[in-house]
Each structure stands twice: as structure tokens, then as C-alpha cells.
Amino acid sequence: MSNLHDRVAWVTGAARGQGLAHARALAAASAHVYLTDIANQIDTVAYPMPTAQDLESAAAGIRDSGGQATAVRLDVRDPNAVNKFVNDVSTQHGRLDVLIANAGICAFSSIEEMSDTQWRDMIETNLTGTFNSVRAAVPVMARNNWGRIIGISSGAGRGGMSHLGHYGATKWGIIGFLKTLALEVGGYGITSNIVCPTTVNTPMVMNSTTWARFRPDLDAPDLNDVRPAFTGLSPLGVPWLEPEDVTRAVMYLVNDPGLTTGTVLEVNLGTSATRT
């Protein structure tokens, strides 16, 4: 792993799960990491979202391990708040080097039953939130002629999944958006890439609402009940990844010397990150 000393990194949706794993790895590589999260519940999300305490604890854990971490509550749906945050970081450090656009939600609905609010919350959080974050970060990176932007998409961004039309739309959109970005910012020394994980062991997936979707034949399915269903989604027969497995793909792109951009890494197994 390269040394990111004096680099400043920003991870959205970092209070737990994948985002926290990415933040820990960046801090371990000596970057000063900003962890942002909405740290509040969105009404159309059925599982409990992280709290302000979760976010503060995430950053404190990194600091306790010797890393540099700052927690900031931030709703990536709000462009004014995002712009202010990036301006504050730039004012304090004079730079922003790495953006991991990880913030996202998941919810289930058939298309014909999907409400306007369900659609809007998903699009604004996953896709518009990525846009807001990237748009704010690019000028700061360009001034220093170096940057690494990595968006977290999903296997659902490579193929449709039933009752996840709004989620899939955002994850497909992230791919198209960041591939286009790669063409626009390469001349500034900024790379733009995408990671598409399969199922990951995070609270977004490991909750009773998700399990019930995979086993509607059971009143209260548990993890063992849904394991075969998750296993069937992976070509390698692996039911789910750990967040740190995805982080390995993320850090591969962070550490890239500037030769890889506009690519998608599909992560199907903890020890495998296949470029497509």
C-alpha cells in the first residue's frame, strides 16, 4: 500500500459498513480522512440507518488506532451543504485528494407500486448525492493536478434485479456518470473509477426486511435461511463479502499510478477483483 501522508480523503456514507472500512484503510495509509454521513433516518428506508453517535464512534475508533479522522454530519442530497463542506476542507488543508462516493440506501418495491417519494429518495441519495460530491471535489483536485475518485456501484448496476428498479437505476447511473467524468478530468491528473460489489455483509443487507424479500415463504427468516439465496447470486458461490473485501478493490484504485480510469471492478469474492 502506498503512503498517503499529507493526502486528504473523503468518504461519504462512512458511519459504518463499506464506508467505514474504506475510511479505516485510507487512515492506515496515513491520509487525513473525513467521514461524512447523513446519520439520520430516511422514511422510505425500512432498516435502521446510522446515527450521529455511530458516525462519531467511527471517527474516534480511527483516531484511537493512531489515524487522522474527522466526522461531519452531511446530507449528500443537499448541494449547498456539500459545497460548504468541501470549501471548508479546502480552506483548512489546501487540498482534497481522494473521494470515495459510497453513500447509498436500498429499499424494495415493484415498479408499479413505487411511490414518487421512494423513487426520489433513492435517486437523490445514491445518484444525485454522488453527483453533488464529485462536482464539489473536482475543482479542488484539479488545482493540485492529482485526484482519485471512486464510486461504489453494485452488481445491480450491471444487471437488473426484481423489486430494485430504483436502486438499479442509480447504480447503473453511477457507472455512466463516472465513466464520463474520466474523459473530462484525466488531463488534471484525476482518475475516475467504479467498484461493483456483490452482496456485502452490512446493515443494508443483513436485516429482517431484506431477508423477508429473499424468503417470502417464511414468516421470520434468519441468516441461515437466506444464505442459499445469496449464494446463488454469486458466480463463485460466495454468499456475501465482508466490507474489507470491497476495500481492497477501492485501495487498488486509490494506489493506481494514474494509468487506470473509467473502469469497473466487479468484486465477486473476497480475494478477487476482476477488471471489466
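Given the structure is predicted, the values throughout are model-derived calculations rather than measurements. (Residues numbered from 1 in each chain as written. Predicted model: local features only at pLDDT ≥ 70, side-chain atom pairs only at ≥ 80, totals over all residues. Heavy atoms only, no water.)

On to the nonpolar core. One finds Leu26, Val33, Leu35, Ile100, Ile150, Val195 and Val254 to be the most contacted residues of the largest nonpolar core, which totals 36 residues. Tallying contributions element by element places helix H8 (residues 243-254) first for this core, with 6 residues. With residues near it in sequence (within four places) discarded, Leu26 still touches Leu4, Ala9, Val11, Ala31, Val33, Val98, Ile100, Met251 and Val254. Core analysis: the next-biggest nonpolar cluster, separate from the first, contains 27 residues, Val8, Val86, Leu96 and Val185 among them. (Core = buried A, V, L, I, M, F, W, Y, C linked by side-chain atoms within 4.5 Å. Buried < 20%, exposed > 50% of the residue type's maximum accessible area, 1.4 Å probe, protein only. Helix = DSSP H or I, 4+ residues; strand = E, 2+ residues; numbered from the N terminus. Contact = heavy atoms within 4.5 Å.)

Among the 6 residues that make up strand E5 (residues 147-152), 6 are buried, leaving the element largely enclosed by the rest of the structure. Of the two faces of E5, the one carrying Gly147, Ile149 and Gly151 and the one carrying Arg148, Ile150 and Ile152 are both buried. Note that strand E4 (residues 98-101) and E5 share 4 bridges and pair parallel. Among the inter-strand pairings, Ala101 is bridged to a residue of E5, identified as Gly151. The pairing of E5 with strand E6 (residues 190-197) spans 6 bridges and is classified as parallel. Residue pairing across strands places Gly147 opposite Ile190, the latter belonging to E6. With respect to chirality, the unit in which E5 leads through helix H5 (residues 165-185) into the neighbouring parallel E6 is right-handed. (Pairing = 2+ DSSP bridges. Right-handed = clockwise from strand over helix to strand, strands pointing away.)

Quick look at the environment of Gly262 now. Its location among the elements puts Gly262 in the loop between H8 and strand E7 (264-269). Classification of Gly262 by relative accessible area gives buried; the value is 16%. Sequence spacing of Gly262 and Leu4 is 258 residues, and the spatial spacing of their C-alpha atoms is 22 Å. Setting aside residues no more than four positions away along its own chain, Gly262 makes contact with Lys179, Ala182, Ser192 and Asn193.

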